[in-house]
Amino acid sequence: MNQHITSAMSQAFGRFASKEHKKYFQNIINRSYVRMMGLDMSEFDAPDTYPTLNALFTRKFRHKRSFSSDPKDMISPCDSLITECGKIEDDTALQIKGMRYSVDEVLGEGISDDAKKSIHNGTFVNFYLSPRDYHRYHAPIDMQVLHAVHIPGKLYPVNIPSLKKQVNLFIENERVVLECLSGEGKRFFMILVGALNVGKMVVSFEPRIQTNSNALNPSQYSYRDLYLSKGDDFGCFMMGSTIVMLCEQEMVEFGISTGHKVSFAQTIGRLTF
């Protein structure tokens, strides 16, 4: 597979966003981005304190958000818009209303057939992070990570207009697939989907994953004792993008609907064990 034009464009933007410009110019860039995108900076440091645009994109809270300590409560992994959620019908889920895709294909060849089948007829949620959102992602429950698979691909935009016109967008785009287990052994997947101008998708526990690079072939990583606690920060998008969550049947009852705006740490569902 040759590198797609969207990847080349995103790499160029990533170089600009990662460059530390002279202080006065960097301040103009940061302030302009905050103003144009309408960022709410009330939980973060002032825009002038970030040395690069990427540092602003991947900003951390000044103070941690609190969330439910009840182990049965699932929290949102990010600040986002729910573009679709619902039931996986056999092996298909909704990209957007009226446009379906195969969950087997989005998971790719690095995931076993048995693991794929475990989520058939389960539930799914698509979290869209816009350029104005907080860009870091967190563990939605106490969880074990079994595998990580990096699948290179294109970097089409993942906003609503693109979701409506680009067939199999989640399958075409570069992504990182995390195969996980809940504390009760229920299987679920978190899929980090790249998008146009996403300079990088960072997975903090796996530095060997280098997205938006010159990699052309999938890479797979397995873990024996990798556990994340609910709320743990495990990486970030370096621009807006999407997280797709695919869950096994009877794992969770979601309390959210398509079109809802959710925030990291907000309770979005209840585990059914």
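Here we summarise the structure given alongside this text. (Residues numbered from 1 in each chain as written. Predicted model: local features only at pLDDT ≥ 70, side-chain atom pairs only at ≥ 80, totals over all residues. Heavy atoms only, no water.)

Turning to the overall build of the chain, a few remarks are in order. In terms of regular secondary structure, the chain is built from seven helices and 17 strands. Reported as C-alpha extents along the three principal axes, the dimensions of the chain are approximately 55 × 45 × 40 Å. Looking at the 273 residues of the chain, the share that counts as buried comes to 55%. As presented, the chain carries roughly 12200 Å² of accessible surface, and 50% of it is formed by carbon and sulfur atoms. In the chain, 31 positive and 30 negative side-chain charges are present, and the distance between their average locations comes to 8 Å. (Helix = DSSP H or I, 4+ residues; strand = E, 2+ residues; numbered from the N terminus. Buried < 20%, exposed > 50% of the residue type's maximum accessible area, 1.4 Å probe, protein only. Areas by Shrake-Rupley, 256 points an atom, 1.4 Å probe, with all protein chains shown as cover. Lys, Arg positive; Asp, Glu negative; His and termini not counted. Charge placed at Lys NZ, Arg CZ, Asp CG, Glu CD.)

Turning our eyes to something else, we now look at the packing of aromatic side chains. One pass over the structure, following the stated rule, counts eleven aromatic pairs. Between Tyr101 and Phe170 the ring centres are 5.6 Å apart and the planes differ by 90°, which places this aromatic pair in the edge-to-face class. Here Phe170 lies in helix 7 (residues 169-172) and Tyr101 lies in strand 4 (residues 99-102), a separation of 69 residues in the sequence. When its relative accessible area of 2% is taken as the criterion, Tyr101 is described as buried. Phe170 gets classed as buried once you look at its relative accessible area, which sits at 0%. On the numbers, 5.0 Å between centres and 75° between planes, the contact of Tyr137 with Phe237 is edge-to-face. Taken as a pair, Tyr137 in strand 6 (residues 136-138) and Phe237 in strand 13 (residues 233-237) lie far apart in primary sequence, 100 residues in all. By the burial criterion, Tyr137 is buried, and Phe237 matches it. (Phe/Tyr/Trp six-rings, centres within 6.5 Å; stacked < 30°, edge-to-face > 60°.)

Moving on, we get to a nonpolar patch on the surface. Together, Phe16, Tyr24, Phe25 and Ile28 make up an exposed nonpolar region whose accessible area comes to about 410 Å². Top contributing element to the nonpolar patch by residue count: helix 2 (residues 23-37), with three residues. Along the polypeptide, Phe25 turns up in helix 2. When its relative accessible area of 34% is taken as the criterion, Phe25 is described as partly exposed. (Patch = residues over 30% accessible without salt bridge, like charges linked within 9 Å, V, L, I, M, F, W, Y side chains within 5 Å. Salt bridge = Lys/Arg side-chain N within 4 Å of Asp/Glu carboxyl O.)

Once that is clear, we can look at the sheet that holds strand 10 (residues 201-203). What the three strands build is an open sheet, ordered 6-13-10; its pairing is antiparallel. Looking at which strands have only one partner, the edges of the open sheet turn out to be strand 6 and strand 10. In this sheet, adjacent strand axes meet at a mean angle of 20° when their direction is disregarded. Judged from the three bridges that link them, strand 6 and strand 13 form a sheet pairing that is antiparallel. (Pairing = 2+ DSSP bridges. Axes fitted to C-alpha atoms, helices over the stretch in contact; angles between N-to-C directions.)

With 15 residues, helix 2 should cover 21 Å at 1.5 Å per step; its first-to-last C-alpha distance of 21 Å lies within 8% of that length. Along helix 2, the residues that are buried comprise Gln26, Asn27, Ile29, Asn30, Ser32, Tyr33 and Val34. Positive backbone phi, approximately 70°, marks Gly38, located one or two places after helix 2. (Expected span 1.5 Å × (residues − 1).)

With that out of the way, let us pick up the pattern of salt bridges. Counted under the stated rule, the structure contains eleven salt bridges. Across the pair Arg65 and Asp79 runs a salt bridge whose closest N-O atoms are separated by 2.8 Å. On the criterion of sequence distance, the pair formed by Arg65 in the loop between helix 3 (53-57) and strand 1 (73-75) and Asp79 in the loop between strand 1 and strand 2 (80-87) is long-range, its members being 14 residues apart. When the shortest N-O distance is used, the salt bridge between Glu206 and Arg208 registers 2.8 Å. A single network of salt bridges, built from pairs that share partners, joins Glu43, Arg65 and Asp79.

Ranked by size, the top nonpolar core spans 38 residues in total, and within it Phe127, Met143, Phe188, Phe205 and Ile243 carry the most contacts. Residues within four places of Ile243 in sequence aside, it is in contact with Cys78, Val125, Asn126, Phe127, Leu129, Tyr137, Met190, Ile191, Leu192 and Phe237. Tyr156, Leu163, Leu169 and Ala195 belong to the second-largest nonpolar core, a separate cluster that totals 29 residues. (Core = buried A, V, L, I, M, F, W, Y, C linked by side-chain atoms within 4.5 Å. Contact = heavy atoms within 4.5 Å.)

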